[in-house]
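Okay, here's what each chain looks like letter by letter:
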Amino acid sequence: MNMFTSQHYRRFAQLETPFYYYDLALLEKTLQVADLYASKYGFHIHYALKANANFEILQPIVKAGFGADCVSGNEVKRAVEAGFPPEKIVFAGVGKSDREILIGLSENIFCFNVESIEELQVIDALAAQVGTTARLALRVNPLVEVNTHQYITTGTAENKFGIPPRDFDSLLALLPKLSHLQIVGLHMHIGSQICQMNNFRDACQKFNEIRRWFEQHGLHFAHLNVGGGLGVDYHHPDQNPIADFENYFDTFNRYLERQPGQQVHFELGRALVAQCGSLITRVLYVKQGQTKHFAIVDAGMTELIRPALYQAYHKIELLDPFHGNRSLQTYDIVGPVCESSDFLGKAITLPQLQRGDLLAIRTAGAYGQVMASAYNLRDKVPAIYENQP
Ligand code: LLP
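Residues numbered from 1 in each chain as written. Predicted model: local features only at pLDDT ≥ 70, side-chain atom pairs only at ≥ 80, totals over all residues. Heavy atoms only, no water.

Draft legend 1. Representation of the site of the ligand. Near the ligand lie 17 residues; those nearest to it are Ser-192, Glu-267, Arg-306, Tyr-310 and Tyr-367. One nitrogen or oxygen atom from the main chain of Gly-229 is found 2.9 Å from an oxygen atom belonging to the ligand. Gly-269 places a main-chain nitrogen or oxygen 2.9 Å from an oxygen atom of the ligand. Protein coverage of the free-state accessible area of the ligand, which is 590 Å², stands at 91%. Those elements giving two or more residues to the shell around the ligand turn out to be strand 9 (263-268) and helix 11 (306-310). Looking at the shell around the ligand residue by residue, the classes come out as six nonpolar, five polar and six charged. Summarising the domain contributions, the shell around the ligand has at least three residues from each of domain 1 (6-20 + 275-386) and domain 2 (25-274). (Near = heavy atom within 4 Å. Polar contact = N/O pair within 3.5 Å; in protein donor to acceptor, adjacent residues only side chain to side chain. Areas by Shrake-Rupley, 256 points an atom, 1.4 Å probe, with all protein chains shown as cover. Helix = DSSP H or I, 4+ residues; strand = E, 2+ residues; numbered from the N terminus. Nonpolar A, V, L, I, M, F, W, Y, C, P; charged D, E, K, R; others polar. Domains from an automatic or database assignment.)

See below:
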């Protein structure tokens, strides 16, 4: 079923563009399905706020009982403001500043995911300073190749994330000296927009080995956090509006070894919120290039940077219930920003476009609005919400 009907078209035609549109009923349904398959195995989901931190999006996620995965002090604050209980908030990231660590400590969050030995020492010192004990999970790097864009893989040897295996011995030697830390978990995250379950299977197998190694050396973990990364169908948002949570959680259930009582946590962002959001934009001009047609629209990389940054594909559709009799034409859909990389789609075949037409850029709920910028002093992009309770 198509997400947009003629009612949407009539409503949008009255509005100034560009704007983000979110269908909260689809979000609700997605949360239910995710929860259903995670609960089957007693798994816990933390929502990765980095994907979208709008209050209207966070509220149903809080209500669904999910925790929060944050990567900045401001995200921790936002999570608390939105109502996530502090005991369900984790704080990750390679570059936590002292100020941000202190925010996490003062909010008494569940756990910091720690990415280096130096960071362990800094958190210990800050916890000592404020007279508390910090709970930590060690982020390790399972060194698996994943099938996704190079900018969003994180589990390979040469990148900045996680504590590398060569540091494990010195880490163990150091831990007894750090008296304001409590190691509660082991953590990994291998990348994002991963659709092949064998990538997760491989990661589980590596993770099992690492966990066993630590246990053999006397370090036990109450919690295993396996990150996020489940992909969504950018090409067929209407056929597959809900990510394959069933297969995803089943893969972890099969391949992730657990000790009795050990809890398993996930940090999902994209799979929960991508499909409920679209960027709605208007065609400003249609221009004939030497070999191609350009549709210049009023949204660009400042509103949705994924195509420019990752050459990411987003389905683009014309919102006009009466377009049936237009012939087809192939366009580069480009924005108004003064950069050649400012495009939303290349070689997109659509009914012939004209000034004033409305387009929906689909699957933009994750890493869309939250990555918007003010470059060229562009206005902040607003959002509208449908099916708000
Ligand atoms: N946990 C950690 C440690 C992460 O680094 C990330 C995403 C997640 C969880 C959530 O991953 P998800 O379930 O959303 O795949 N801006 C890029 C994606 C960057 C992902 C960064 N880390 C994009 O637009 O594709």
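On we go.
Draft legend 2. The arrangement of the domain arrangement of the protein in detail. Entries for the protein in the domain assignment read domain 1 (6-20 + 275-386) and domain 2 (25-274). Taking the mean C-alpha position of each, domain 1 and domain 2 sit 33 Å from one another. In this complex, domain 1 contributes 23 residues to the contact, which on the side of domain 2 involves 25 residues. Together domain 1 and domain 2 conceal approximately 2100 Å² of surface at their shared face, both sides included; 56% is due to carbon and sulfur atoms. Among the residues of domain 1 in contact with domain 2, Gln-275, Tyr-367 and Tyr-385 are the three that bury the most area, contributing 32% of the side total. At the surface where domain 1 touches domain 2, the tally comes to one salt bridge. Applying the counting criterion to the domain 1 and domain 2 interface returns 14 residue pairs in polar contact (both at pLDDT 80 or more). Those elements that place two or more of their residues in the side of domain 1 that touches domain 2 are helix 11 and strand 16 (383-386). Here the residues of the side of domain 1 that touches domain 2 are counted per class, giving ten nonpolar, eight polar and five charged. (Contact = heavy atoms within 4.5 Å. Buried area = accessible area lost by both parts, 1.4 Å probe. Salt bridge = Lys/Arg side-chain N within 4 Å of Asp/Glu carboxyl O.)

Draft legend 3. Quick look at the packing of helix 8 (residues 197-216) against helix 9 (residues 245-255). It is the contact of helix 8 with helix 9, at a shortest axis distance of 9 Å, that shows an interaxial angle of 30°. Relative to helix 9, helix 8 is oriented roughly parallel. Read as a crossing pair, helix 8 and helix 9 show a hand that is right-handed. Each of Met-197, Phe-200, Arg-201, Cys-204, Gln-205 and Asn-208 in helix 8 lies in contact with helix 9, whose residues at this interface are Asn-247, Tyr-248, Thr-251, Phe-252 and Tyr-255. (Axes fitted to C-alpha atoms, helices over the stretch in contact; angles between N-to-C directions. Parallel < 35°, antiparallel > 145°, perpendicular 65-115°, else oblique. Left-handed = near helix turned anticlockwise from the far one by under 90°.)

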